[in-house]
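The lines below spell out each chain.
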Amino acid sequence: ARACGVSRSTLMRMEESGGGISAMTSYSYIYGGTIKNNSSDTEGGGVWSGNGVLYLYGGTISNNSAKYGGGVYFYSYSSSYNFKIESPTDGDNSATVSITDNSATDGGGIYFDAAKSAFVILEKKCEVLRNTATGNGGGIYVNGTSNFTIYSGTNSSVSYNTATNGGGIYVNDARTIALSRTCSVSDNTATNNGGGLYLNAETGLSYVENFQMNGCTVSKNTAQVDGGGIYVNKGSIGFISGNVIEGNTVQTGNGGGVYYGTACTEFNICGTPSIKHNKKGDVANNLYLPQGKYVNATGVWQESSLVCVTTEATPDSSAYVLIATCDDAAYVKDIKLAYDNGDVNIYAIPNASSATDFVACSHNYGDYLTDENNHWQVCSLCQNKTTAVAHSGGTATCTEKARCATCNVRYGEALGHSWDYGEITTVPDCVNTGVKIYKCTRTGCTETKTETINALGHLEEIDEAVAATCTKTGLTEGSHCSVCNATIEPQAVTPKTAHTEVTDEAVAATCTE
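Keep in mind that what you see is a predicted model, and the values were worked out from it rather than measured.

What counts as what
Residues numbered from 1 in each chain as written. Predicted model: local features only at pLDDT ≥ 70, side-chain atom pairs only at ≥ 80, totals over all residues. Heavy atoms only, no water. Helix = DSSP H or I, 4+ residues; strand = E, 2+ residues; numbered from the N terminus. Buried < 20%, exposed > 50% of the residue type's maximum accessible area, 1.4 Å probe, protein only. Contact = heavy atoms within 4.5 Å. Areas by Shrake-Rupley, 256 points an atom, 1.4 Å probe, with all protein chains shown as cover. Pairing = 2+ DSSP bridges. Axes fitted to C-alpha atoms, helices over the stretch in contact; angles between N-to-C directions. Phe/Tyr/Trp six-rings, centres within 6.5 Å; stacked < 30°, edge-to-face > 60°. Lys NZ or Arg CZ within 6 Å of the ring centre and 35° of its normal. Patch = residues over 30% accessible without salt bridge, like charges linked within 9 Å, V, L, I, M, F, W, Y side chains within 5 Å. Salt bridge = Lys/Arg side-chain N within 4 Å of Asp/Glu carboxyl O. Lys, Arg positive; Asp, Glu negative; His and termini not counted. Charge placed at Lys NZ, Arg CZ, Asp CG, Glu CD. Disulfide = S-S within 2.5 Å. pLDDT = per-residue confidence, 0-100. Core = buried A, V, L, I, M, F, W, Y, C linked by side-chain atoms within 4.5 Å. Polar contact = N/O pair within 3.5 Å; in protein donor to acceptor, adjacent residues only side chain to side chain.

Let us look at the overall build of the protein chain. A count of helical and extended segments in the protein chain gives 1 helix and 56 strands. Buried residues in the protein chain amount to 46% of all 513 residues. Contacts in the protein chain between residues far apart in sequence, at least 24 positions, make up 69% of those at least 6 positions apart. For the protein chain, the accessible surface area stands at approximately 24400 Å², while carbon and sulfur atoms represent 47% of it.

As structure tokens, then:
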């Protein structure tokens, strides 16, 4: 038959491959019903499909068990045969596909083994819940596919599953993995690595070629060792937009949010990434980057973006640690990174390729650089310049500027002397100068200055002229100092004047004279 369908039925226990349904037809459709309590010693406890197209449009596959694919096992090595969980073109588009409480060695819920085929969950609410694998892939195990896609606008979830590696999803040797549009991988547990997702490469491809997330949430997953949210062993990673990786935990290893393995080729992030609040025990441990690994920050980052990073290498006084690089200057200002390794900040610096590197640097600052008012330092590793700080401290003196307590450079202005009123040590007189000595009143200063006091000059007093007579010489007008009595203008002697003859009239003699 070209097609077979199982709708709204309950299939009980069977053995061998396909405990509930074993389909090797070109097209197999399951529209609803319940497939439960079946088991297989090998593959597909609930459903086994080989070399054909398998469509799940609705229904519940639960409590089944097998070695591989407790709920569903799909096998194909032809690009013509795919496994799709999607809405039918006719019938009930709102039906949920539930794959719950199944168990296996690998692929507790679903085991997809098809090197060239595609496994697609498209615009359909699919719940892969509470499945268990003693090996890998508690919810889903994908091996060797060309395309594994969860593209869901109806909140598909892979949750509460348990495995050794890949508690939620384990992917091995896949070319393209895409998780998009409100897909949730949460509350899964791995007793080793990859609580939410484990991306691996063992045979065939040497790595997971392209892993992309767009609008997904990976939260509250737990791994005992590495990669609480996501463990990537090999491959290329792309976080495109709106991804939330929060609240995941590791106990003993690293990468509470994401573990980026040493064999990975590149990690591209853009859009609105949120990798935060992930822990190792009780300590922040988010995106773990081994030695030499870094993130490519591409495209526009939104304002709410934040990627917190933990690194294997630790910055010290001899080297910084490269966290991310961005080759477009227009995007640099929007990139928001935080560092988990202690109290160290992340700095944007130009690199030799005219791009921008984001580095965690504990700095090696040299001597202070100064100008007239400020001092600062420049890191010899990342060239970060500290904020210029005004000179301060020290004490200015009368003759010297203050010396900055931080950079030891003189700054400001000297105080200048503060002189007292002075003391006259030599009193000036009319002709001799005097001396006045001033002392600086500032504490600790013994400087003095000497001031010459001008001579007072004579105080002139006029010596009046003395007229000469016929019997005495006279004197001209002169002057002298009334203070020191020194002659200023000497008086000259004027000669006696000539006699003025006066005729004495005769007197007649008398009898007695």
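Within a sheet, each strand pairs with its neighbour through backbone hydrogen bonds, oriented either parallel or antiparallel. Here we have 3 strands laid out as an open sheet, ordered 52-54-55, and antiparallel in their pairing. Strand pairing shows two members of the sheet lacking a second neighbour, strand 52 (460-463) and strand 55 (487-489), which therefore form its edges. On average, each strand axis in the sheet is tilted by 35° relative to the strand beside it, whichever way the strands run.

With that settled, the discussion passes to the packing of aromatic side chains. In this structure the tally under the stated criterion is 15 aromatic pairs. Here the aromatic cluster, defined as three or more aromatic residues joined through ring pairs, consists of Tyr68, Tyr73, Tyr111, Tyr141, Tyr170, Tyr198, Tyr231, Tyr259 and Tyr288. The ring of Tyr438 has Lys449 lying over it, and the distance from NZ or CZ to the ring centre is 5.0 Å.

This brings us to the sheet that holds strand 49 (residues 423-426). The 3 strands lie next to each other as 49-50-51, forming an open sheet whose pairing is antiparallel. Bordering the open sheet on either side are strand 49 and strand 51 (448-453), each of which pairs with just one other strand. Across this sheet, the average inter-strand angle for adjacent strands is 30°, counted without regard to direction. With 6 bridges joining them, strand 50 (residues 434-439) and strand 51 adopt antiparallel strand pairing.

A cluster of acidic side chains, namely Glu460, Glu464, Glu477 and Glu489, defines a negative patch on the protein surface. Along the chain, Glu464 falls in the loop between strand 52 and strand 53 (474-475). Among the residues examined, Glu464 registers a relative accessible area of 64% and is labelled exposed.

Time to look at the pairing of strand 6 (residues 47-50). Across the two faces of strand 6 the burial is the same, with Val47 and Ser49 and Trp48 and Gly50 all buried. As judged from the 3 bridges shared by strand 3 (residues 21-23) and strand 6, these two strands associate in the parallel manner. Residue pairing for strand 6: Ser22 is matched across the bridge by Trp48. Direction of pairing for strand 6 relative to strand 10 (residues 72-75): parallel, over a ladder of 4 bridges. The residue of strand 10 that forms the bridge with Ser49 is Phe74.

What follows is about the state of the cysteines. Each disulfide is one covalent bond, formed between the sulfur atoms of two cysteines. Under the counting rule described, the total for this entry stands at 0 disulfides. A disulfide-free cysteine, Cys440 has its sulfur positioned 3.7 Å from the sulfur of Cys398, the nearest such atom.

This next bit is on the confidence of the model for the protein chain. Averaged over all residues, the pLDDT of the protein chain is 85; the fraction at 70 or higher stands at 88%. For residues 1-15, every residue scores under 50 in pLDDT, and the model assigns this stretch 47 contacts once sequence neighbours within four places are set aside.

With that settled, the discussion passes to the nonpolar core. Phe211, Ile230, Phe239 and Leu287 are the most contacted members of the largest nonpolar core, which totals 68 residues. Tyr198, Tyr231, Tyr259 and Tyr288 belong to the second largest nonpolar core, which has 9 residues in total.

With that settled, consider the pattern of salt bridges. Within the structure shown, the criterion is met by 2 salt bridges. With a closest N to O distance of 3.0 Å, Asp101 and Arg130 form a salt bridge. Residue Asp101 is found in the loop between strand 12 (97-100) and strand 13 (103-106), and its partner Arg130 is found in the loop between strand 16 (126-129) and strand 17 (132-133); the two are separated by 29 residues along the sequence. Taking relative accessible area as the criterion, Asp101 reaches 29% and is therefore assigned partly exposed.

A positive phi angle, near 70°, is found at Asn408, a position not held by glycine. Checked against the element boundaries, Asn408 lands in the loop between strand 47 (402-403) and strand 48 (410-411). In this structure, Asn485 takes a positive phi of about 70° despite not being glycine.

Okay, the side chain of Asn221 next. Tracing the backbone through its elements, the reader meets Asn221 in the loop between strand 28 (217-219) and strand 29 (222-223). Of the polar contacts made by the side chain of Asn221, one reaches the backbone nitrogen of Asn188; its length is 2.8 Å.

What follows is about the environment of Ser159. Secondary-structure assignment places Ser159 in strand 20 (residues 157-159). When its relative accessible area of 4% is taken as the criterion, Ser159 is described as buried. Taking C-alpha positions, Ser159 is 9.7 Å from Ile169, a pair spaced 10 residues apart along the chain. Apart from the residues lying within four places of it in its own chain, the contact partners of Ser159 are Val128, Leu129, Arg130, Ser184, Ser186 and Asn188.

Moving on, we get to the side chain of Asn172. Structurally, Asn172 is set in strand 22 (residues 169-172). Here Asn172 falls in the buried class, since its relative accessible area comes to 2%. Side chain to side chain, Asn172 and Asn143 meet in a polar contact 3.1 Å long.

Another point: the environment of Tyr365. Note that Tyr365 resides in the loop between strand 43 (356-360) and strand 44 (369-370). Tyr365 sits 15 residues away from Ser380 along the chain, and the two C-alpha atoms are 6.1 Å apart. Setting aside anything within four residues of it in sequence, one finds Tyr365 in contact with Gln377, Val378, Cys379, Asn384 and Thr386. Of the polar contacts made by the side chain of Tyr365, one reaches the side chain of Asn384; its length is 3.0 Å.

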